[in-house]
Amino acid sequence: MTELTQNPAAGSAASDDSNAGHPMWSSRLAFILAASGSAVGLGNIWKFPYITGENGGGAFVLVYLLCIALIGIPIMVAEVAIGRRGGSSPINSMRKLAARDGLSKRWVWLGGMGMIASFLILSFYSVIGGWALAYVGNSAGGLFVGASSESIGEMFGGLLSDPYTLLMWHSLFMVLVVMIVARGVSSGMEKAINILMPILFALILVMVGYAMSTDSFGAGFSFLFSPDFSKLTTEGVLTALGHAFFTLSLGMGVMMAYGSYLPKNVSIVKTAFTVSIVDTLVALLAGLAIFPLVFANGMEPGAGPGLIFQTLPIAFGQMPGGVLFGTLFFVLLVVAAVTSAISLLEPVVEWFEEQKGIDRTKGALIGGWSIWALGVLTILSLNEWSGFHPLGMFERFEGKTIFDLLDYVTANLMMPLGGLFIALFMGWFMSKQATENELSIGNGAAFKLLMFILRFVTPAAVLVVFVYNLM
Ligand code: TRP
């Protein structure tokens, strides 16, 4: 954790005094940067465009935006508030709060499930982070210059079919993440994010500018923003909901852990809005940068997980200064991925520290090594084992590799379930007084609306999705 200063006063200010002496973020901005660093990642730049492409565009984007506004932001508020009141790791925050409000001890499982989900997600997240690393090399080596869309497609196909190369980049990515987490995220890292996030933002704008210079900007724009509901499937709605959780890093205790370091005088509601808006903007801009290129080059929007790796290099290959911009872009994609990956390893390491008295370095090594090993299954899913569909006997999982299953189970089941229970906890179980204290927006209309959403809207939405999913 970064930029944390001992601030005993902040811990004991409001409802409880058990957090006295707990470290705190130095400012609201420090928290916003850390939380945005977690939220903005491969989910925005890699995943959002390709699932939008697979689900037909506009209508999917609309559902996604609704999910962010109606479900994502309220859950982020709840998750951060629970974390701040608990003042410890997700598992212990849940344990403390359940005890304090006289609730079932089983609430601890909410923290536990989040930890397992983080573990599973990081195993494939790191493999994709490895693709981004590989593309830093490809770009710097000038491989995109003047390349046709076919040859760029082959470059990507070649990477996926080569397990050893994938393994090398996946390993390098995990080493980076473990090194950072083992040291405790130093204040240097936070300063780096401070500079790098705005540059990432600016570079995406450069890419959007380039996309605007093609004839297909209009086509890309309307693909994203004019909804055609005939293209929206129930599966698409499920994907949009799952992605809202994924992109905001919700449902797994990560925001709880970050919230535990938030000083009492910072407005959780405002902060959650800021982080969500930054995250959504990055995703929409990535879409605006990518889809015009898809149409300009006669490619398929539904090309799948390789979409950005097959479109952006074409642009970098043609624009002036493309080698520099391309290299910088993939470096920043790696940075965005690393800052998210850190937040995924953190809960696992924290758990090691608490349960077994293993120190931080050892915890990061053991956690990182096991996640790395699980990542090998994702690598093999892309080539040697691409025909292996372990749950293929169920219609829903037909044709899904181990990688597809890990992605599906975490994004579509575990995160919404985590979000559901976080909403229920704050909506129905946590002491009303404590909730009011944490949110400090009074108990007027805004508070009532938020509570209504947490009590009814979120649970109903998630349940509808689950019922559909079980059928
Ligand atoms: N939000 C990140 C992204 O969009 C991924 C991520 C980081 C995440 N931490 C998380 C997802 C915690 C769920 C829970 O790439």
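So, here is what we can say about the structure in this document. Owing to the predicted nature of the structure, the values given are computational and were not obtained by experimental measurement. (Residues numbered from 1 in each chain as written. Predicted model: local features only at pLDDT ≥ 70, side-chain atom pairs only at ≥ 80, totals over all residues. Heavy atoms only, no water.)

**Here's the deal with the packing of aromatic side chains**
Definition in use: Ring geometry is summarised as follows: Phe, Tyr and Trp rings, the Trp one being its six-membered ring, pair when their centres sit within 6.5 Å, and such pairs are stacked at plane angles under 30 degrees, edge-to-face over 60 and tilted between the two. A run of H or I in DSSP becomes a helix once it reaches four residues, and a run of E becomes a strand once it reaches two; helices and strands are each numbered from the N terminus. Partly exposed residues are those whose accessible area sits between 20% and 50% of the maximum for their type, while under 20% is buried and over 50% is exposed, using a 1.4 Å probe and protein chains only. Only Lys NZ and Arg CZ are tested; either one counts as a charge over a ring when it is within 6 Å of the ring centre and within 35 degrees of the ring normal.
As enumerated under the stated definition, the model contains 30 aromatic pairs in all. When the ring of Phe 156 is compared with that of Phe 309, the centres are 5.6 Å apart and the planes differ by 10°; the resulting orientation is stacked. Here Phe 156 is found in helix 7 (residues 149-160), whereas its partner Phe 309 is found in helix 14 (residues 307-318), with 153 residues between them in sequence. A relative accessible area of 5% means that Phe 156 is categorised as buried. Look at Phe 217 and Phe 221: their rings are 6.2 Å apart centre to centre, the planes differ by 45°, and that puts the pair in the tilted class. With a gap of four residues between them, Phe 217 and Phe 221 both fall in helix 10 (residues 217-225), about one helical turn apart. According to the relative accessible area criterion, Phe 217 is buried, its value standing at 16%. In this structure, Lys 47 is placed above the aromatic ring of Phe 246, and the distance from its NZ or CZ to the ring centre is 4.5 Å. Lying across the ring of Trp 428, Arg 455 places its NZ or CZ 4.5 Å from the centre.

**Topic: helix 2 (residues 28-39)**
Applied cut-off: A helix is expected to span 1.5 Å multiplied by its residue count minus one.
Spanning 12 residues, helix 2 covers 16 Å between terminal C-alpha atoms, matching the ideal 16 Å at 1.5 Å per step. For helix 2, every residue scored as buried is listed here: Ala 30, Phe 31, Ile 32, Leu 33, Ala 34, Ala 35, Ser 36, Gly 37, Ser 38 and Ala 39.

**Considering the site of the ligand**
Note the threshold: Note on definitions. A residue lies near a molecule or strand when any single heavy atom of the residue is within 4 Å of it. Polar contact is the term for a pair of N or O atoms within 3.5 Å; when the atoms are in protein, one must be able to donate a hydrogen and the other to accept it, and sequence-neighboring residues count only if both atoms are side-chain atoms. Per-residue accessibility takes into account occlusion by the displayed protein chains alone, with areas from the Shrake-Rupley method and a 1.4 Å probe.
Taken together, 16 residues sit near the ligand, with Ala 39, Gly 43, Tyr 125, Phe 246 and Ser 249 positioned nearest. Within the contact set of the ligand, an oxygen atom lies 2.8 Å away from a backbone nitrogen or oxygen of Gly 43. A distance of 3.4 Å separates an oxygen atom of the ligand from a polar atom in the side chain of Asn 44. When the free accessible area of the ligand is taken as 360 Å², the share hidden by the protein chains comes to 100%. Of all the secondary-structure elements, those providing two or more residues to the shell around the ligand are helix 2, helix 3 (42-54), helix 11 (234-247) and helix 15 (322-356).

**Brief notes about helix 18 (residues 432-439)**
Since the α-helix packs 3.6 residues into each turn, any two residues three or four apart lie on the same face. Burial in helix 18 covers these residues: Ala 434, Thr 435, Glu 436, Glu 438 and Leu 439. Of the residues trailing helix 18, Ser 440 is marked for its positive phi of about 40°.

**Re the side chain of Thr 247**
Operational definition: Only heavy atoms enter the contact rule, under which two residues are in contact if any of them lie within 4.5 Å.
For Thr 247, the position within the fold is in helix 11. On the accessibility criterion, Thr 247 (0% relative accessible area) is buried. At a separation of 3.4 Å, a polar atom in the side chain of Thr 247 contacts the side chain of Asn 44. Sequence-distant contacts of Thr 247, that is, excluding residues within four places in its chain, are made with Ala 39, Gly 43, Asn 44, Tyr 64, Ile 68 and Asp 279.

**Quick look at a nonpolar patch on the surface**
Threshold: Patch membership is restricted to residues that have no salt bridge and whose relative accessible area is over 30%. Joining uses 9 Å for like charges and 5 Å for the nonpolar side chains Val, Leu, Ile, Met, Phe, Trp and Tyr. For this document, the term salt bridge refers to a Lys or Arg side-chain nitrogen within 4 Å of an Asp or Glu carboxyl oxygen.
Where nonpolar side chains cluster on the molecular surface, the patch consists of Leu 62, Leu 66, Leu 70 and Phe 229 and spans about 370 Å² of accessible area. Structurally, Leu 62 can be placed in helix 4 (residues 58-86).

**Observations regarding the side chain of Thr 327**
With respect to the helices and strands, Thr 327 occurs in helix 15. Once residues within four sequence positions are removed from consideration, Thr 327 is found in contact with Val 136, Ser 139, Ala 140 and Gly 322.

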